[in-house]
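Close look at the chain arrangement
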Amino acid sequence: MSLKPLSLTYLLRPSSIKSGKIPALFMFHGYGSNEEDLFSFASELPEELMIFSLKAPYDLEPFGHAWYAINFDAEQGKWSNDEQAKESRDKIVNFIDEAIDAYSLDKDNITLLGFSQGTVLSYAVALSYPEKLKNVIALSGYINKNILVDNYADKDHNGLSFYVSHGQVDQVIPLEWAQNSPEFLKNLNIPTTYEEFPVGHGVSQQNFFSFKKWLEAHI
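Criteria and cut-off values
Residues numbered from 1 in each chain as written. Predicted model: local features only at pLDDT ≥ 70, side-chain atom pairs only at ≥ 80, totals over all residues. Heavy atoms only, no water. Salt bridge = Lys/Arg side-chain N within 4 Å of Asp/Glu carboxyl O. Helix = DSSP H or I, 4+ residues; strand = E, 2+ residues; numbered from the N terminus. Buried < 20%, exposed > 50% of the residue type's maximum accessible area, 1.4 Å probe, protein only. Polar contact = N/O pair within 3.5 Å; in protein donor to acceptor, adjacent residues only side chain to side chain. Contact = heavy atoms within 4.5 Å. Expected span 1.5 Å × (residues − 1). Phe/Tyr/Trp six-rings, centres within 6.5 Å; stacked < 30°, edge-to-face > 60°. Lys NZ or Arg CZ within 6 Å of the ring centre and 35° of its normal. Pairing = 2+ DSSP bridges. Axes fitted to C-alpha atoms, helices over the stretch in contact; angles between N-to-C directions. Core = buried A, V, L, I, M, F, W, Y, C linked by side-chain atoms within 4.5 Å.

**Points about the pattern of salt bridges**
Applying the stated criterion across every chain, the model contains 4 salt bridges. Lys 107 serves as the salt-bridge partner of Asp 108, at 3.6 Å between the closest nitrogen and oxygen.

Next comes the structure, spelled out in structure tokens:
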């Protein structure tokens, strides 16, 4: 299948469904990576899904890409560029709308899968625009409340489901940050599966099989 020109660069795995509305999954890589990273999962995921793996819009030197800058300052420590993150949040929402139209996707069966910084953006999109999504797989990330739309708490999140996982010895994003997510999501009435694995900042084979099983039950 030839790629249709959309507003962000992406890789595509076609769906096994040839007519009618097609369920879709959108992948968002971590800081310094690219669209090929998570796409390695695609061949093992449900064949009815059309899978899009996006490249983040900000280029890093000497290589790699980011959804927003992470700055390292001797006085302030590590901090995120929340304005860039908000811009990426809205770029993602726009891309999903484009893809739904271009590929005849089922707008009521859209799943996001993020890793690390890609998970931060997946949370931001889902909690800000819950009417656009069905499922979120949030790997090794956290909720940054600063990049949610102002009225997110007033929206209806009842149609969402989350799978959240984190490494117990993650050296990049503290485990405690992820552990705050289930309670936050519960307060928005979002059903959530939360798991921890004895790994660092990555996705173990056990973690992969666990979220794959969850996904198969939720699409």
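**Observations regarding the side chain of Ser 204**
Its location among the elements puts Ser 204 in the loop between strand S11 (192-197) and helix H6 (205-218). Look at Ser 204 and you get buried, because its relative accessible area is 17%. Within the structure, the side chain of Ser 204 is placed 3.1 Å from the backbone nitrogen of Asn 207, a separation counted as a polar contact. Discounting residues that sit within four places of it in the chain, Ser 204 has contacts with Phe 197 and Val 199.

**Some words on helix H2 (residues 82-103)**
Look at H2: 31 Å from first C-alpha to last across 22 residues, which is about the 32 Å you get at 1.5 Å a residue. Listed in full, the buried residues belonging to H2 are Gln 84, Ala 85, Ser 88, Arg 89, Ile 92, Val 93, Phe 95, Ile 96, Ala 99, Ile 100 and Tyr 103. Tucked into the core, H2 has its buried residues touching strand S1 (10-13), strand S2 (22-28), strand S3 (50-54), strand S4 (58-59), strand S8 (105-115) and helix H3 (117-128). A distance of 3.2 Å separates the backbone nitrogen of Glu 83 from a side-chain oxygen at the start of H2, and that oxygen is part of Asn 81. Ser 104 lies just past H2 and shows a positive phi near 55°.

**Things to note about the packing of aromatic side chains**
Tallied over the full model, the rule gives 16 aromatic pairs. Judged by centre distance (6.0 Å) and plane angle (50°), the ring pair of Tyr 163 and Trp 214 falls under tilted. Linking Tyr 163 in strand S10 (residues 161-167) with Trp 214 in helix H6, this pair joins segments that are 51 residues apart in sequence. Owing to a relative accessible area of 7%, Trp 214 belongs among the buried residues under this scheme. Taken together through their ring pairs, the aromatic side chains of Phe 41, Tyr 163, Phe 208, Phe 209, Phe 211 and Trp 214 make up a single cluster. When the ring centre of Tyr 103 is taken as reference, the NZ or CZ atom of Lys 4 above it lies at 5.1 Å.

**Looking at the sheet that holds S8**
If you trace the 7 strands from one edge of the open sheet to the other, you get S1-S3-S2-S8-S9-S10-S11, paired in mixed fashion. The strands lining the two open edges of the sheet, one partner per strand, are S1 and S11. Sheet twist, expressed as the mean angle between neighbouring strand axes with direction ignored, is 15°. In the packing of H2 onto the sheet, contacts are made with S1, S2, S3 and S8, and the angle to S8 comes to roughly 140°. In the packing of H3 onto the sheet, contacts are made with S2, S8, strand S9 (135-139) and S10, and the angle to S8 comes to roughly 145°.

**A closer look at the nonpolar core**
Counting 50 residues, the largest nonpolar core has Phe 26, Phe 52, Leu 54, Leu 105, Leu 127, Leu 133 and Phe 162 as the members making the most contacts within it. Ranked by residue count, the leading element in this core is H2, at 8 residues. Leu 38, Tyr 163, Phe 197 and Phe 211 belong to the second-largest nonpolar core, a separate cluster that totals 18 residues.

**Quick word on the environment of Asp 106**
Along the chain, the position of Asp 106 falls in strand S8. Accessibility expressed as a relative area gives 17% for Asp 106, which makes it buried. Separated by 83 residues in sequence, Asp 106 and Pro 23 place their C-alpha atoms 5.3 Å apart. Each residue touching Asp 106, except ones within four places of it in the same chain, is listed here: Lys 21, Ile 22 and Pro 23. Side-chain polar atoms of Asp 106 contact the backbone nitrogen of Asp 108, separated by 3.0 Å.

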